[in-house]
Amino acid sequence: MPRLILASPEFAHQSCELPDGAWTVGRGRRNQIVIHDDSVSTDHCELLVHGSEVIVCERGSSNGTYVDGVQVKAQSGVRHGQRLRLGRVELIIELDPPTDEGGTGVTAHDDYRRLVGQPPLPVNPAPPFPVIFRPTVGDSADSRTETFAAGPGVQPRPPGPGALEERSRPSRRWSYVVAVILIAAVLLLWLGTR
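Residue indices begin from 1 for each chain and proceed along its sequence in written order. Owing to the predicted nature of the model, reporting of local features is limited to residues with pLDDT of at least 70; listing and counting of side-chain atom pairs is limited to 80 or more, with chain, interface and lining totals taken over all residues. Water and hydrogen atoms were dropped before computing side-chain values, which therefore reflect all heavy atoms in the structure.

**Student:** How should I be thinking about the pattern of salt bridges in this particular structure?
**Tutor:** Where charged atoms from two side chains of opposite charge come close, those side chains can pair. For salt bridges, the criterion is a side-chain nitrogen of Lys or Arg within 4 Å of an Asp or Glu carboxyl oxygen. Overall, the coordinates contain five salt bridges when judged by the stated rule. A salt bridge links Asp-43 to Arg-59; the shortest N-O distance between them is 3.2 Å. Here the residue Asp-43 occupies a position in the loop between β4 (33–35) and β5 (45–50), and Arg-59 occupies one in the loop between β6 (53–58) and β7 (65–67), the gap between them amounting to 16 residues. Accessibility here uses a 1.4 Å probe with only protein chains present; expressed as a share of the type maximum, an area under 20% marks a residue as buried, one over 50% as exposed, and anything in between as partly exposed. A residue is classified by how much of its surface remains accessible, and Asp-43, at 32% relative accessible area, is partly exposed. Two residues, Arg-83 and Glu-90, come together in a salt bridge whose shortest N-O distance is 2.9 Å. Exposure remark for Arg-83: the relative accessible area of 38% places this residue in the partly exposed category. Here Glu-90 falls in the partly exposed class, since its relative accessible area comes to 27%. Comment: elements are numbered from the N terminus, with helices defined as DSSP H or I runs of at least four residues and strands as E runs of at least two.

**Student:** When you look at unusual backbone geometry in this model, what are you seeing that I'm missing?
**Tutor:** Excluding glycine, most residues fall at negative phi; most peptide bonds, likewise, are trans. Despite not being glycine, Ala-12 has its phi angle at roughly 45°, a positive value. Note that Ala-12 resides in the loop between β1 (3–6) and β2 (15–17). Phi at His-13 takes a positive value of approximately 60°, unusual for a residue other than glycine. For His-13, the position within the fold is in the loop between β1 and β2. A relative accessible area of 56% means that His-13 is categorised as exposed.

**Student:** Just to check I follow, could you spell out the sheet that holds β1 for this structure?
**Tutor:** Backbone-to-backbone hydrogen bonds pair the strands of a sheet. The strands run either parallel or antiparallel. Strand order in the open sheet formed by six strands is β2-β1-β11-β10-β7-β8, and the pairing between neighbours is antiparallel. At either end of the open sheet lies a strand with only one pairing partner, and these are β2 and β8 (70–71). Note on pairing: two strands pair once DSSP finds at least 2 bridges between them. Inspection of the sheet shows β7 paired to strand β10 (residues 83–86) by three bridges, in the antiparallel sense. The residue bridging Tyr-66 from the neighbouring strand is Arg-85, located in β10.

**Student:** Any chance you could explain the pairing of β10 here in plain terms?
**Tutor:** Taken residue by residue, a regular strand's side chains alternate between the two faces of the sheet. Burial along β10 is one-sided: the face carrying Leu-84 and Leu-86 is buried and the face carrying Arg-83 and Arg-85 is not. Examined bridge by bridge, β10 and strand β11 (residues 89–94) share four bridges and lie antiparallel to one another. When the bridges of β11 are listed, Leu-84 appears paired with Leu-91. If you look at the hairpin formed by β10 and β11, you'll find two residues sitting between the two strands, and Gly-87 has a positive phi there, around 60°.

Treat this as a map of the structure, not an account of what it does.
So this is what it looks like as structure tokens:
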């Protein structure tokens, strides 16, 4: 299964597996792979994974997505060992070598499940997403990859090191307060001109 390894020193080689599928990457909490770094955009890129094939799709990030130093304008294939850079965060893609060039991966068991109307069983169970990468603080004993399942009723573990970044951002509540004040000011000006 492909593996994403953070190569930047501040992330101390944290990593996660990439099962087949489309995985969004960015700083925002709605991504499946969250990287806490200011140079990574909220919605930075998407990784499309199928077997030993990985494609990175740029999603309009501020600081760009690069494969081995070449900027990705729309999408680009990523080969084993290539460096992916999101803002200033470097990642390495590890791919499994192809095992059987002629095989399809479809077994008689899969054919039977399809015949009786059952979906095929997953080859490798997907790790729980989102996966959250935070810079390490202090020594390497603090380095870890925090993973938790995102689903209804599932609460993440309490924030660990690096959570101060999240708390220091202005909340949405302030956006609403400013919007209400602006609307009230416009309404008072309009009533004053009548």
